[in-house]
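# Summary of structural features
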Amino acid sequence: MLSLAINTATSKSSFAIFDANLKLLAEKSWPAKNNEAEKLLPEISKSLKKLKKNFTDISRVIAVRGPGSFTGLRVGVTVANTIAHLNNAKLYAIDTFEYLWHARIPPWREECGSPPSPALLLYAGRGGVYVSFNHENASKATLINLPDLNSFLKKHKVKSAFGDISEEQKATLKDINFLPGHNTFSETMSSFLQNPKLKSFTLVDPIYIKKPY
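Rules used throughout
Residues numbered from 1 in each chain as written. Predicted model: local features only at pLDDT ≥ 70, side-chain atom pairs only at ≥ 80, totals over all residues. Heavy atoms only, no water. Helix = DSSP H or I, 4+ residues; strand = E, 2+ residues; numbered from the N terminus. Rg over C-alpha atoms; globule rule 2.2 N^0.38 Å. Buried < 20%, exposed > 50% of the residue type's maximum accessible area, 1.4 Å probe, protein only. Contact = heavy atoms within 4.5 Å. Areas by Shrake-Rupley, 256 points an atom, 1.4 Å probe, with all protein chains shown as cover. Lys, Arg positive; Asp, Glu negative; His and termini not counted. Charge placed at Lys NZ, Arg CZ, Asp CG, Glu CD. Pairing = 2+ DSSP bridges. Axes fitted to C-alpha atoms, helices over the stretch in contact; angles between N-to-C directions. Parallel < 35°, antiparallel > 145°, perpendicular 65-115°, else oblique. Left-handed = near helix turned anticlockwise from the far one by under 90°. Nonpolar A, V, L, I, M, F, W, Y, C, P; charged D, E, K, R; others polar.

### Things to note about the overall build of the protein chain
For the protein chain, the helix and strand inventory stands at seven helices and ten strands. On C-alpha atoms alone, the protein chain measures out to a radius of gyration of 17 Å, which is about the 17 Å that the 2.2 N^0.38 rule sets for 213 residues. Referenced to the eigenvectors of the C-alpha coordinate spread, the extents of the protein chain come out at roughly 50 × 40 × 30 Å. Counting over 213 residues, the protein chain shows a buried share of 46%. A sequence separation of at least 24 residues applies to 63% of the contacts in the protein chain between residues at least 6 apart. About 11,600 Å² of surface is accessible on the protein chain, with carbon and sulfur atoms providing 51% of the total. Side-chain charges in the protein chain split into 28 positive and 18 negative, and the spacing between the mean points of these groups amounts to 2 Å.

Structure, rendered in structure tokens:
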């Protein structure tokens with residue numbers, strides 16, 4: 001049986017398919033351009049056909065449930081909920097903060113040395129950024145207005161950051177080294193699927209950056 005991982009919560013949409021032993025069978029990522037409704041399900045279908053598998057072979061589904069923008073996130077979560085429901089598959093979800101922290105671990109501790117550790121920055125609309133300081137309590141984040149971001153990071157003695165913010169937002173950072181991710185999407189999601197304490201869901205509710213109109 002197969003496991004399917006989905007992320008449409010960040011600036012890059014991704015999915016990965018694993019076998020029963022969590023061996024990676026297929027993976028694809030692309031820049032999110034609000035076209036997930038036309039792209040996500042067909043791309044998953046193409047990968048399953050290449051593997052000579054069907055949607056009914058999926059027995060576990062895990063999705064990144066946000067925070068994220070409305071258009072892409074609702075598609076990814078809907079696809080995850082629908083496949084899990086139709087297949088009576090196990091359904092799991094993580095938030096975007098957990099996903100991005102684990103995409104940095106394990107190398108960030110050795111790379112960055114002693115505290116303060118790098119801060120996780122997550123896009124919260126053009127004028128705002130979520131800031132998370134602790135991977136062990138990843139979801140405890142602070143929403144900061146963009147004009148206040150540098151002073152906030154300076155106050156907390158942050159010298160480096162990582163995460164998912166726009167290029168315009170990155171350009172406003174002063175004296176902050178913005179670090180790339182380390183683990184691929186499939187590596188990150190595989191590590192979650194191996195966690196026996198991973199929270200299961202009957203239905204995943206998306207967490208939007210802003211409430212939809």
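Having seen the structure, we can now continue with the description.
### Here's the deal with the sheet that holds strand 2 (residues 12-18)
Read from one edge to the other, the open sheet built from five strands follows the order 3-2-1-4-5, with strand pairing classed as mixed. The sheet is open, and its two edges are formed by strand 3 (24-31) and strand 5 (90-94), each paired on a single side. Neighbouring strand axes in the sheet, compared pairwise and without regard to direction, differ in orientation by 10 degrees on average. As defined by bridge partners, strand 1 (residues 2-7) adjoins strand 2 across five bridges and the pair is classed as antiparallel. From the neighbouring strand, Asn7 faces strand 2, where its bridge partner is Ser14. Most of the contacts of helix 1 (residues 36-50) go to strand 2, to which it runs at about 25 degrees, and overall it touches strand 1, strand 2, strand 3 and strand 4 (58-64).

### Some words on the packing of helix 1 against helix 2 (residues 70-87)
What describes two packed helices is the angle between their axes and the distance between those same axes. Taken N-terminus to C-terminus, the directions of helix 1 and helix 2 make an angle of 30 degrees; their axes are 9 Å apart at the nearest point. In this view, helix 1 runs roughly parallel relative to helix 2, as classed from their interaxial angle. Judged by the twist between their axes, the crossing of helix 1 over helix 2 is right-handed. In this structure, helix 1 contributes Glu36, Ala37, Leu40, Leu41 and Ile44 to the contact, and helix 2 contributes Gly72, Val75, Gly76 and Val79. Among the residues forming the contact of helix 1 with helix 2, the class breakdown is six nonpolar, two polar and one charged.

### Thoughts on the sheet that holds strand 9 (residues 160-164)
The five strands lie next to each other as 8-7-6-9-10, forming an open sheet whose pairing is mixed. The open sheet has two edge strands with one neighbour each: strand 8 (142-145) and strand 10 (177-178). Of the strands in this sheet, strand 6 (119-123), strand 7 (128-132) and strand 9 are in contact with helix 3 (residues 96-104), which crosses strand 6 at around 135 degrees.

### Describing the pairing of strand 1
Taken across its six residues, strand 1 has six buried, putting it largely inside the fold. Burial of the side chains of strand 1 extends over both faces: Leu2, Leu4 and Ile6 are buried on one face and Ser3, Ala5 and Asn7 on the other. Bridging between strand 1 and strand 4 involves six bridges; their strand directions are parallel. Its bridge partner lying in strand 4, Ala5 is registered against Ile62. Joining the antiparallel neighbours strand 1 and strand 2 is a turn of four residues.

### Concerning the environment of Glu168
By the element assignment, Glu168 lies in helix 6 (residues 167-171). Separated by 42 residues in sequence, Glu168 and Arg126 have C-alpha atoms that sit 8.6 Å apart.

Just geometry here; none of it tells us what the structure is for.
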